[in-house]
Amino acid sequence: MKKTLLLLVFSCLASCQGTKEISSKNIYKPTKYTNSITPDELKTHLYIIANDSMEGRETGSIGQKRAGKYLISQYQKDKITFPKGAKNYYQHIPAAFLNAKKNENLPDSENIWAYIEGTEKPDEVVVISAHYDHVGTKNGAVFNGADDDGSGTVALLEIAQAFQLAKKNGHGPKRSVLFLHVTGEEHGLHGSRYYSENPVFPLKNTVANVNIDMIGRRDDAHANSNNYVYLIGADRLSSELDEICKTVNEKYIHLDLDYKYNALNDPNNFYRRSDHYNFAKNGIPAVFIFNGTHADYHRKTDTPDKIEYDALTKRAQLAFTIIWELANRENRIVVDKK
């Protein structure tokens, strides 16, 4: 009995300590930088990324490469460099890799990456990802992919800018942050799979992945309000990641967190359908931030004028605050589940 009581006490202390760290005040409050993520800037970026001139951003296409150049130009403008160990902002992916599983005659393509080095634990890395490819053109019509995943793509730009502003003010993240725009998602998560097999930083040093795929609209289940977001996967590998998502949302953002698609028996199987899965399957805690599907999903009508920029902003801000906590907390989160 005494041994059981001691175990219960130690368990309680460990649990309380973890909660204390999550809920305690960081050295720097993120609010100022969270508020730098604005609807106007997101809208400006998205009307470019989802413009007809990008030709639907099909994997390896001229339009997608044009979109990639725009992303790089914004990182250069904000003085955010590419990762250490890389030669430039591109991670080149050969056509042979993209076509190995199912030959769709895809040309060479590229992941785009940018990087802010940590001030105290630079070897530990938090990866935030979004795919910047879409499905191209069909019968002369451009499929702009404003929500899928132009919304996540431009969110990364704004989140990176917020972290760079914090760094400029002497509040740079303790851990390094990698901003990863992946290609080939629409053809089978190819870009994130390539990164997981050819990481610029060892996977063992990757603390977590926050993946953003479609955060600019609402679905039928939330017809009366866009103040929600689906969280998928946060609790699959790490109890701490799930607790962080809930706590920072309650403290700073105040979205309704919907876990419907996180169910193990979810028939949509969204947990395996976006780029976070290539991190999770390698034992890296990951969370997928998602607004659900809608009538314009994978249609030519997924255009930037239909984006709800207030919702896009709050969801991008949620992603930022999750990464802020992951990057700045004293101890890296623990994998406590298989």
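Residues numbered from 1 in each chain as written. Predicted model: local features only at pLDDT ≥ 70, side-chain atom pairs only at ≥ 80, totals over all residues. Heavy atoms only, no water.

Participant: What should I look at first to understand the packing of helix H3 (residues 39-49) against helix H6 (residues 146-168) in this one?
Facilitator: When two helices pack together, you describe them by how their axes are tilted relative to each other and by the distance separating the axes. Orientation of H3 relative to H6, taken along the N-to-C sense of each, is 130°, at an axis distance of 9 Å. On the basis of the axis angle, H3 is oblique to H6. In this structure, the crossing between H3 and H6 has a hand that is right-handed. Mapping the contact onto sequence places Glu41, Leu42, His45, Leu46 and Ile49 in H3 and Ala146, Gly150, Ser151, Thr153, Val154, Ala155, Leu157, Glu158 and Gln161 in H6. Taken together, the residues of the contact of H3 with H6 break down into seven nonpolar, five polar and two charged. (Axes fitted to C-alpha atoms, helices over the stretch in contact; angles between N-to-C directions. Helix = DSSP H or I, 4+ residues; strand = E, 2+ residues; numbered from the N terminus. Parallel < 35°, antiparallel > 145°, perpendicular 65-115°, else oblique. Left-handed = near helix turned anticlockwise from the far one by under 90°. Contact = heavy atoms within 4.5 Å. Nonpolar A, V, L, I, M, F, W, Y, C, P; charged D, E, K, R; others polar.)

Participant: Would you take a moment to explain the packing of H6 against helix H11 (residues 309-328) for this structure?
Facilitator: Running from N to C, H6 and H11 point in directions that differ by 50°, and their axes come no closer than 10 Å. If you check the angle between H6 and H11, you find them oblique. H6 and H11 meet at a crossing whose hand is right-handed. Only Leu312, Ala316, Ala319, Phe320, Ile323 and Trp324 of H11 make contact with H6, whose side of the interface consists of Ser151, Val154, Ala155, Ile159, Ala162, Phe163 and Ala166. In the contact of H6 with H11, the residues fall into 12 nonpolar, one polar and no charged.

Participant: Mind showing me how you'd approach the pattern of salt bridges here?
Facilitator: As a working rule, side chains carrying opposite charge can pair if their charged atoms are close by. Inspection of every chain in the model, using the stated rule, returns nine salt bridges. The salt bridge partner of Arg329 is Glu325, with a shortest N-O separation of 3.5 Å. Through salt bridges with shared partners, a single ionic network connects Arg217, Asp296 and Lys306. (Salt bridge = Lys/Arg side-chain N within 4 Å of Asp/Glu carboxyl O.)

Participant: Explain the pairing of strand S8 (residues 228-232) to me, please; I cannot follow it from the model alone.
Facilitator: Within a regular strand, the side chains alternate between the two sheet faces. For S8, the buried fraction is high: five of the five residues fall into the buried class. Residues of S8 alternate between two faces, with Tyr228, Tyr230 and Ile232 on one and Val229 and Leu231 on the opposite face, all of them buried. Strand direction decides the pairing type here: S8 and strand S9 (residues 256-258), joined by three bridges, are parallel. When the sheet's bridge partners are listed, Tyr228 is paired in S9 with Asp256. Sheet topology places S8 next to strand S10 (residues 286-290); three bridges connect them, and they run antiparallel. Across the sheet, Tyr230 pairs through a bridge with Phe290, a residue of S10. (Buried < 20%, exposed > 50% of the residue type's maximum accessible area, 1.4 Å probe, protein only. Pairing = 2+ DSSP bridges.)

Participant: What is the right way to read H11 from this model?
Facilitator: An α-helix turns once per 3.6 residues; consequently, residues spaced three or four apart project the same way. Between its terminal C-alpha atoms H11 stretches 28 Å, which fits the 28 Å expected from 20 residues at 1.5 Å a residue. Counted residue by residue, H11 has 18 buried out of 20 residues, so it is predominantly covered. (Expected span 1.5 Å × (residues − 1).)

Participant: It is not clear to me how the environment of Glu197 should be interpreted in this structure. Could you clarify?
Facilitator: Within the secondary structure, Glu197 sits in helix H7 (residues 190-197). Owing to a relative accessible area of 49%, Glu197 belongs among the partly exposed residues under this scheme.

Participant: Just checking my understanding: could you explain the pairing of strand S7 (residues 206-212) for this structure?
Facilitator: Among the seven residues that make up S7, seven are buried, leaving the element largely enclosed by the rest of the structure. Bridge count for strand S3 (residues 121-131) against S7 is five bridges, and the pairing is parallel. Paired with Val127 across the strands is Asn209, a residue of S7. Here S7 runs beside S10; their pairing, made up of four bridges, is parallel. If you follow Val210 over to S10, its bridge partner there is Val287.

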